Amino acid sequence: MTAPAHELAIERTFDAPRDAVWRAVTGHLTEWWCPRPWTSEIKAVEWKDGGRFAITMHGPNGEEHGGDGMLLEVVPGERFVFTNMFGHDWQPQDAQPIGIVGMFEFADAGHGKTRFRSSARHWSEADRKVHADMGFEQGWGVCADQLEEVAKKLAATADA
């Protein structure tokens, strides 16, 4: 399958079962959503199609980066798709820092592992390049690593 135009993506195989990864996604968002030492504050997350998704990231020096958007699709255990192009009640908004459609996908990889893919789709090659230059690969990669870490802890606790 060919990747969509103007997409950036991160792929990993997590050493944790998919159910633990999904529990980490939905129940422990603040533990993995932004690269440490930044922290996340959940304003709203409605895990359903059309649900609101609002998170503020706080930096170690008092920086703040808000993110408000809509969950376009939620398929429990398989994927969630969101955009920052719509705000509360589907109101079009000026997405910051750049408009995307984000997708997080999860699939069984056998032997208690999970195939993980996160991607950001952009309206233009120029927007994709801006996002890449902002550090997409490093930032989203660190978040993927943190998600795996949380999922592994949840899996170990469930197995104990």
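Above this text is the structure in question.
Structure report, in brief. Remember, predicted model here, so these are calculated numbers, not experimental data.

With respect to topology, seven strands assemble into an open sheet ordered E1-E7-E6-E5-E4-E3-E2, the strand pairing being antiparallel. Sheet topology places strand E1 (7-14) and strand E2 (39-45) at the edges, where each strand pairs with a single neighbour. If you compare each strand with its neighbour and ignore which way they point, the axes differ by 25° on average. Across seven bridges, strand E3 (residues 52-58) lies against strand E4 (residues 64-75) in antiparallel orientation. What sits directly across from Phe53, in E4, is Gly69.

Under the definition given, this model contains zero disulfides. Cys143 forms no disulfide, and the closest cysteine sulfur to it belongs to Cys34, at a distance of 6.4 Å.

Our next topic: the side chain of Glu148. With respect to the helices and strands, Glu148 occurs in helix H3 (residues 136-159). Lys152 provides the closest opposite charge to the buried, unpaired Glu148, separated from it by 4.6 Å. Not counting chain neighbours up to four residues away, the residues in contact with Glu148 comprise Thr13, Phe14 and Asp15.

The next point concerns the packing of aromatic side chains. Counting across every chain of the model gives 19 aromatic pairs. Summarising the aromatic geometry, the rings of Phe104 and Trp140 are spaced 5.7 Å apart at their centres and angled 25° between planes, so their arrangement reads as stacked. With Phe104 in strand E6 (residues 101-110) and Trp140 in helix H3, the pair connects residues that are 36 residues apart, well separated along the chain.

What counts, and at which threshold
- As a convention, each chain's residues are numbered from 1 in the sequence order in which they are written.
- This being a predicted model, a pLDDT of at least 70 is required before a residue's local features are given, and a value of 80 or more before pairs of side-chain atoms are given or counted; all residues contribute to the totals for chains, interfaces and linings.
- Calculation of side-chain values draws on the structure's entire complement of heavy atoms; hydrogens and water are dropped beforehand.
- Strand pairing follows a simple DSSP-based rule, namely that at least 2 bridges must link the two strands.
- Put simply, DSSP marks the helices as runs of H or I at least four residues long and the strands as runs of E at least two long, and each gets a number from the N terminus on.
- Axes here refer to lines fitted to C-alpha atoms; in helices the fit is confined to the stretch in contact. Angles between the N-to-C directions go from 0 to 180 degrees.
- When two cysteine sulfur atoms lie within 2.5 Å, the pair is treated as a disulfide.
- Each residue is placed in one exposure class: buried if its accessible area under a 1.4 Å probe, protein chains only, is under 20% of its type's maximum, exposed if it is over 50%, and partly exposed if it falls in between.
- The sign given to each residue is positive for Lys and Arg and negative for Asp and Glu; His and the chain ends receive no count.
- Every case where a carboxyl oxygen of Asp or Glu lies within 4 Å of a side-chain nitrogen of Lys or Arg is listed as a salt bridge.
- For this analysis, residues touch if any pair of their heavy atoms sits within 4.5 Å.
- Only rings of Phe, Tyr and Trp enter the pairing, Trp through its six-membered ring, and a pair is recorded when the two centres are within 6.5 Å. The plane angle decides the type: under 30 degrees is stacked, over 60 is edge-to-face, the rest tilted.

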